[in-house]
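Understanding the architecture of this molecule
Okay, here's what each chain looks like letter by letter:
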Amino acid sequence: MLPEAIWSPSEVFSSWRKSVAMSHRTIHLFRKGLRLHDNPSLLGALASSSALYPVYVLDRVFLQGAMHMGALRWRFLLQSLEDLDTRLQAIGSRLFVLCGSTANILRELVAQWGITQISYDTEVEPYYTRMDKDIQTVAQENGLQTYTCVSHTLYDVKRIVKANGGSPPLTYKKFLHVLSVLGEPEKPARDVSIEDFQRCVTPVDVDRVYAVPSLAHLGLQVEAEVLWPGGESHALQRLEKHFQSQGWVANFSKPRTIPNSLLPSTTGLSPYLSLGCLSVRTFYHRLNSIYAQSKNHSLPPVSLQGQVLWREFFYTVASATPNFTKMEGNSICLQIDWYHDPERLEKWRTAQTGFPWIDAIMTQLRQEGWIHHLARHAVACFLTRGDLWISWEEGMKVFEEFLLDADYSVNAGNWMWLSASAFFHKYTRIFCPVRFGRRTDPQGEYLRKYLPVLKNFPSQYIYEPWKAPEDVQLSAGCIIGKDYPRPIVSHIEASQRNLALMRQVRTEQQTTAELTRDVADDPMEAGLKRELREEEGLLEEAESKCTSKRFSGSSDHKSRPCSWTPETLQLSELSGEVM
């Protein structure tokens, strides 16, 4: 078998000149990267082939097992595949969609179509690296060439690890220092065009139907309104819409966005970045072009560019940390004896905690597949170190099922962060499930939308309906304990107890805790400091009164200077959440 070729975008075009004499019959295997812009592996395959078949394998065992995909995510994926097929047909090709095991499907198609090369994007997630081995096995069995490029991340994360001495940088500040040495990421590759498929044709196969299956065909049903249509076309439209307001882009600051706004106050691009309908390099360099025209734009980590770099940070750490999505066997994660409480976990999952702010967020998550990053903070803290003391792994699985932007490394990294198991060290800062939401939406409009059972409560009581007098409950048509549950915990007592437990854990595991701590002040949302400090003071006051109740890669391209440096960062404002 010929050796695997790994290319950067800038090498694609020079490689084409050297390989024009080649006439491969190629399968381009789409996995993530469901797009025609900045797709260097597809461009490289087109340049070296006389015939190319764009293929997507719907491997349900893989997608529902390894990735825990729920119905909303399936709908988004199928819409993205339909959009990709439409865009391919517009330039003279089409998408071949097949259901089954990736390795078995490839073996079948290699024989059926006379394939000599398989191209695909390089991925770093364990699920995909195992799939890569299967693809290489198929290639070796059949004497095929393989061609792959990095395009789902800004950098080849192996380069970052290598530049850091062979281990991943475990703090954001150290990570940014490594990037400042490496220079700016590669520019995106050009769009795939109709001329590419005039030189390299997609043969017609009339022996079978290769259409994108429907949800009904897969035995799935989704009744919720489509608020986030899948596909590259919608991703680019959303990108252009936001970039029309260059002032908003230049001055964007994550802590100043509103968690319970009825409309997204962030870009809403994360689902498209997660599935690769939008290139992260395209997004990053479009931001750079706007920042270049603005003298006083926001800076990482709270800027839009900073959010993209957080994504890259988690991808890098995950790529070189075994068992990154688990507590056990994860060298950077505190080993915590979380409670096993399936009943309370289910109440959290199904929006039955009795705390309207928490339940409204979880309802929006299940109905729409998206919630604001600060809302994610609130429900994650509530499940873990704040109130229920249930493992972050359980919350991660729920997010993985429902979130359209669920992403292996970002999801796990943020759950470790928000549970104070790694990366975040101000564990005394606990989100209040009442005052946090009330501060930005005192009238409770967000609650009234997602919890209509409470819509008639006066604003005075809507965040704490259990405090409403009986006549108010009767007038609102909702009796607490009957029509809507009572709180499943006392927030003050539970958070006080959990704070003591976390103090003990961190004292006993100080060495592990220090692995992901920056020398400077611990990162935290600047806009939330006042809220969290009030809560911390509340806990300390309760603690003093209730002591007796306490429960005991390498590259040849030249580095370009970055548009930011680690010295420009305000570390007290760092955020661990990504778009």
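Residues numbered from 1 in each chain as written. Predicted model: local features only at pLDDT ≥ 70, side-chain atom pairs only at ≥ 80, totals over all residues. Heavy atoms only, no water.

As annotated in an unreviewed UniProt entry, the protein is Cryptochrome circadian regulator 4 isoform X1 from Danio rerio.

**Concerning the overall build of the protein**
Along its length, the protein carries 25 helices and 6 strands. The buried share among the 579 residues of the protein stands at 61%. Approximately 22,800 Å² of the protein is accessible, and the part contributed by carbon and sulfur atoms is 51%. (Helix = DSSP H or I, 4+ residues; strand = E, 2+ residues; numbered from the N terminus. Buried < 20%, exposed > 50% of the residue type's maximum accessible area, 1.4 Å probe, protein only. Areas by Shrake-Rupley, 256 points an atom, 1.4 Å probe, with all protein chains shown as cover.)

**Re helix α14 (residues 304-319)**
An ideal rise of 1.5 Å per residue puts 22 Å on 16 residues; α14 measures up with 23 Å between its terminal C-alpha atoms. For α14, a buried count of 15 out of 16 residues is recorded, marking the element as mostly surrounded by other parts of the structure. (Expected span 1.5 Å × (residues − 1).)

**Remarks on the pattern of salt bridges**
As enumerated under the stated definition, the model contains 18 salt bridges in all. With its nearest N and O atoms 2.9 Å apart, the salt bridge here joins R286 to E240. One end of the pair, R286, is in helix α13 (residues 280-291); the other, E240, is in helix α10 (residues 232-243), and 46 residues separate them in sequence. Here R286 falls in the partly exposed class, since its relative accessible area comes to 27%. Beyond isolated ion pairs, a larger network of salt bridges with shared partners links R190, D196 and R199. (Salt bridge = Lys/Arg side-chain N within 4 Å of Asp/Glu carboxyl O.)

**Regarding the confidence of the model for the protein**
Of all residues in the protein, 80% have pLDDT values of 70 or greater, and the mean over the chain is 84. Contacts from residues 12-21, a stretch scored under 50 in pLDDT, to residues over four places away or in other chains number 12 contacts. (pLDDT = per-residue confidence, 0-100. Contact = heavy atoms within 4.5 Å.)

**A few points about the packing of aromatic side chains**
Tallying each qualifying case throughout the model produces 28 aromatic pairs. Centroid distance W310 to F314: 5.9 Å. Interplanar angle 35 degrees. Geometry classified as tilted. Here W310 and its partner F314 are both found in helix α14, 4 residues apart, which amounts to about one turn of the helix. Relative accessible area serves as the criterion here: at 1%, W310 is assigned to the buried category. In this structure F314 comes out as buried when scored by relative accessible area, which is 0%. Pairing W310 with W417 gives two aromatic rings, centres 5.3 Å apart and planes at 85 degrees, and the pair type is edge-to-face. A residue pair is termed long-range when its members are at least 10 positions apart, and W310 in helix α14 and W417 in helix α19 (residues 408-418) qualify at 107 residues. The pair W310 / W417 is uniform in exposure class, with both members buried. Ring pairing ties together the aromatic residues Y172, F175, W310, F313, F314, W417, F423 and F424, which thus form one cluster. (Phe/Tyr/Trp six-rings, centres within 6.5 Å; stacked < 30°, edge-to-face > 60°.)

**Re the nonpolar core**
Among the nonpolar cores identified, the biggest contains 169 residues, and V55, L77, F283, F324, W348 and F423 are the most heavily contacted of them. If we skip the residues at most four places from it in the chain, W348 touches T353, I358, M362, V379, F382, L383, L388, G395, V398, F399 and W415. (Core = buried A, V, L, I, M, F, W, Y, C linked by side-chain atoms within 4.5 Å.)

**Quick look at α19**
The buried fraction of α19 amounts to 11 of the 11 residues, a majority that puts the element mostly inside the structure. Considered for burial, the residues of α19 that qualify are Y408, S409, V410, N411, A412, G413, N414, W415, M416, W417 and L418. Summarising the contacts, the buried residues of α19 are in contact with α6 (126-142), α14, α15 (342-349), α17 (373-386) and α18 (392-402). Phi turns positive, to about 60 degrees, at A420, one or two residues after α19.

**Regarding the packing of α17 against helix α23 (residues 491-508)**
The contact between α17 and α23 brings their axes to 10 Å, and the two run at 60 degrees. Side by side, α17 and α23 meet where T384, R385 and G386 of the first sit next to A494, S495, N498 and M502 of the second. (Axes fitted to C-alpha atoms, helices over the stretch in contact; angles between N-to-C directions.)

**Section: the pairing of strand β5 (residues 117-122)**
The buried fraction of β5 is high, at 5 of 6 residues. What joins β5 to strand β6 (residues 145-150) is α6, and the crossover it makes is right-handed. (Right-handed = clockwise from strand over helix to strand, strands pointing away.)

**Here we look at the environment of D341**
Along the polypeptide, D341 turns up in the loop between α14 and α15. For the pair formed by D341 and S391, sequence separation is 50 residues and the distance between their alpha carbons is 9.7 Å. Here the side chain of D341 touches R344 through a polar contact of 3.2 Å, landing on its backbone nitrogen. (Polar contact = N/O pair within 3.5 Å; in protein donor to acceptor, adjacent residues only side chain to side chain.)

**Quick look at the side chain of R281**
If you trace the backbone, R281 turns up in helix α13. A polar side-chain atom of R281 sits 3.1 Å from the main-chain carbonyl oxygen of V150.

**Concerning the side chain of H28**
Secondary-structure assignment places H28 in strand β2 (residues 24-30). A relative accessible area of 1% means that H28 is categorised as buried. Within polar-contact distance, the side chain of H28 engages the side chain of S119 at 2.8 Å. Those residues in contact with H28 that lie beyond four places of it in its chain are N39, S41, L42, L52, Y53, P54, V55, S119 and Y120.

**Describing the environment of K158**
Topologically, K158 is positioned in helix α7 (residues 157-163). Here K158 falls in the exposed class, since its relative accessible area comes to 57%. Placed 34 residues apart in sequence, K158 and V124 show a C-alpha to C-alpha distance of 9.3 Å.

**Structural notes on unusual backbone geometry**
Phi is positive for D38, which is not a glycine, with a value near 45 degrees. Relative to the helices and strands, D38 resides in the loop between β2 and α2 (40-47). Here W389, not a glycine, exhibits a phi torsion of approximately 55 degrees, which is positive. Looking at where W389 falls in the secondary structure, it is placed in the loop between α17 and α18.

**Considering the environment of H152**
By secondary structure assignment, the location of H152 is in the loop between β6 and α7. Put simply, H152 and V124 are 28 residues apart on the chain and 9.2 Å apart in space, counted from C-alpha to C-alpha. Other than its neighbours up to four places away in sequence, H152 contacts K32, E123, L273, S274, L275, G276, V280, R311, Y315 and D407. There is a polar contact of 3.0 Å between the side chain of H152 and the side chain of Y315.

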